[in-house]
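# Breakdown of the fold
The lines below spell out each chain.
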Amino acid sequence: MLERIFENALWNSRFIVILAVFFGLIGAVSLFIVASFDIYDTAKYVITTYINQAHPDHFHENIISGIIGAVDLYLIGVVMLLFSFGLYELFISEIDPAKESGHDETQLLAIHSLDHLKDKISKVIVMVLVVGFFQKVGHTQYNGALDMLYLALSITAVAVGLYFLGKVGKNH
């Protein structure tokens, strides 16, 4: 009987994961809100600049940087969503509305194991790093052919990495 009580308590302790799910969703929503305000601020900056017929230094770079920064936040928000959905499905229960929606089992948010969750999250994190890389590239000063060669090599390395990342998990 003591074993049964302990096993029930142990099994029900998995519900502590609800904290990670709940706060992961709060994190995702917070990131989406902040990113949306960043896009709004960037759009306001563009409109104000054109209304005032100004063209400040590094205007295009600042716009691109603002938008890329927002995309970065959206991607991190997606990581938090994947994390929350995955933990819920792995430890608590399958999400019934997702099953009832009629999408096939290969849907984006279907998580079947911790490795599956880790793979999905790691791919999005790599995309966040790529976006961050390109944001930094936009603000870099290039002072000669060697700098341009380094830029070309780094972009090639990112492209090759993304190519192989796309191949991971596919059976050919």
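Provided above is the structure to which this section pertains.
A brief report on the enclosed structure follows. (Residues numbered from 1 in each chain as written. Predicted model: local features only at pLDDT ≥ 70, side-chain atom pairs only at ≥ 80, totals over all residues. Heavy atoms only, no water.)

### Structural notes on the side chain of Ser-84
Rules: Helix and strand definitions follow DSSP, with helices as H or I runs of at least four residues and strands as E runs of at least two, each counted in order from the N terminus. Here the term buried applies to any residue with accessible area under 20% of the maximum for its type, exposed to any over 50%, and partly exposed to those in between, with areas from a 1.4 Å probe on protein chains only. Pairing of N or O atoms within 3.5 Å defines a polar contact, subject to two protein rules: one partner must be a possible hydrogen donor and the other a possible acceptor, and residues neighboring in sequence count only if both atoms are side-chain atoms.
Relative to the helices and strands, Ser-84 is located in helix α3 (residues 59-91). The buried category is assigned to Ser-84, whose relative accessible area is 2%. Side-chain polar atoms of Ser-84 contact the backbone oxygen of Val-21, separated by 3.1 Å.

### Re a nonpolar patch on the surface
Formally: Patches here are clusters of residues that have more than 30% relative accessible area and form no salt bridge, with a 9 Å joining cutoff for like charges and a 5 Å cutoff for nonpolar side chains (Val, Leu, Ile, Met, Phe, Trp, Tyr). Using a 1.4 Å probe, accessible areas were evaluated by the Shrake-Rupley method; residue-level cover was limited to the displayed protein chains. Any Lys or Arg side-chain nitrogen found within 4 Å of a carboxyl oxygen on Asp or Glu counts as a salt bridge.
A surface patch of nonpolar side chains, amounting to about 670 Å² of accessible area, comprises Phe-15, Ile-16, Ile-18, Leu-19, Phe-22, Phe-23 and Ile-26. Relative to the helices and strands, Ile-18 is located in helix α2 (residues 17-51). For Ile-18, a relative accessible area of 36% gives the class partly exposed.

### A look at the nonpolar core
If you look at soluble globular proteins, the nonpolar side chains tend to sit buried side by side. Keep this limit in mind: The set of buried Ala, Val, Leu, Ile, Met, Phe, Trp, Tyr and Cys residues whose side-chain atoms join them within 4.5 Å is what this entry labels a nonpolar core. In this description, contact between two residues means that some pair of their heavy atoms is separated by no more than 4.5 Å.
One finds Val-17, Val-21, Val-79, Leu-82, Leu-87, Ile-111, Leu-117, Ile-121 and Val-124 forming the largest nonpolar core, which totals nine residues. Of all the elements in the fold, those that place two or more residues in this core are α2, α3 and α5 (114-138). Once you skip the residues sitting within four places of it in the chain, Ile-111 turns out to touch Gly-86, Glu-89, Leu-90, His-116, Leu-117 and Lys-120.

### Here's the deal with the packing of aromatic side chains
Quick reminder of the rule: To pair, rings of Phe, Tyr and Trp, with the six-membered ring standing in for Trp, must have centres within 6.5 Å; the planes then decide the type, stacked if under 30 degrees apart, edge-to-face if over 60, and tilted in the middle.
Counted according to the given criterion, the structure contains five aromatic pairs. An angle of 35° between the planes, with centres 5.8 Å apart, marks the rings of Phe-32 and Tyr-74 as tilted. On the criterion of sequence distance, the pair formed by Phe-32 in helix α2 and Tyr-74 in helix α3 is long-range, its members being 42 residues apart. Classification of Tyr-74 as partly exposed rests on a relative accessible area of 28%. Between the aromatic rings of Tyr-45 and Phe-59, the centroid separation amounts to 5.5 Å while the plane-to-plane angle is 50°, which identifies the pairing as tilted. With a gap of 14 residues between them, Tyr-45 in helix α2 and Phe-59 in helix α3 connect regions that are remote in the sequence. For Phe-59, a relative accessible area of 1% puts it in the buried group. Through a chain of ring-to-ring contacts, the aromatic side chains of Tyr-45, Tyr-50 and Phe-59 assemble into a single cluster.

### Things to note about the packing of α5 against helix α6 (residues 145-167)
Using the following cut-off: Axes here mean lines fitted to C-alpha atoms, for a helix over just the part in contact, with angles spanning 0 to 180 degrees between N-to-C directions. By definition in this entry, angles of less than 35 degrees are roughly parallel, angles greater than 145 are roughly antiparallel, angles of 65 to 115 are roughly perpendicular, and the rest are oblique. Left-handed describes a crossing whose near helix is turned anticlockwise from the far helix by less than a right angle; the clockwise case is right-handed. Polarity classes work like this: nonpolar for Ala, Val, Leu, Ile, Met, Phe, Trp, Tyr, Cys and Pro, charged for Asp, Glu, Lys and Arg, and polar for all others, with Gly in that last group.
With their axes 12 Å apart at the nearest point, α5 and α6 run at an angle of 165° to one another. Judged on the interaxial angle alone, α6 and α5 are roughly antiparallel. Judged by the sense of rotation from one axis to the other, the crossing of α5 with α6 is left-handed. Between α5, through Lys-123, Val-126, Met-127, Val-130, Phe-133, Phe-134 and Val-137, and α6, the contact on the second element is made entirely by Leu-151, Ser-154, Ile-155, Val-158, Leu-162 and Leu-165. Its residues assigned to classes, the contact of α5 with α6 comprises 11 nonpolar, one polar and one charged.

### Some details on the environment of Gln-141
Relative to the assigned elements, Gln-141 resides in the loop between α5 and α6. Its relative accessible area of 56% is what places Gln-141 among the exposed residues. Each residue touching Gln-141, except ones within four places of it in the same chain, is listed here: His-58 and Asp-147.

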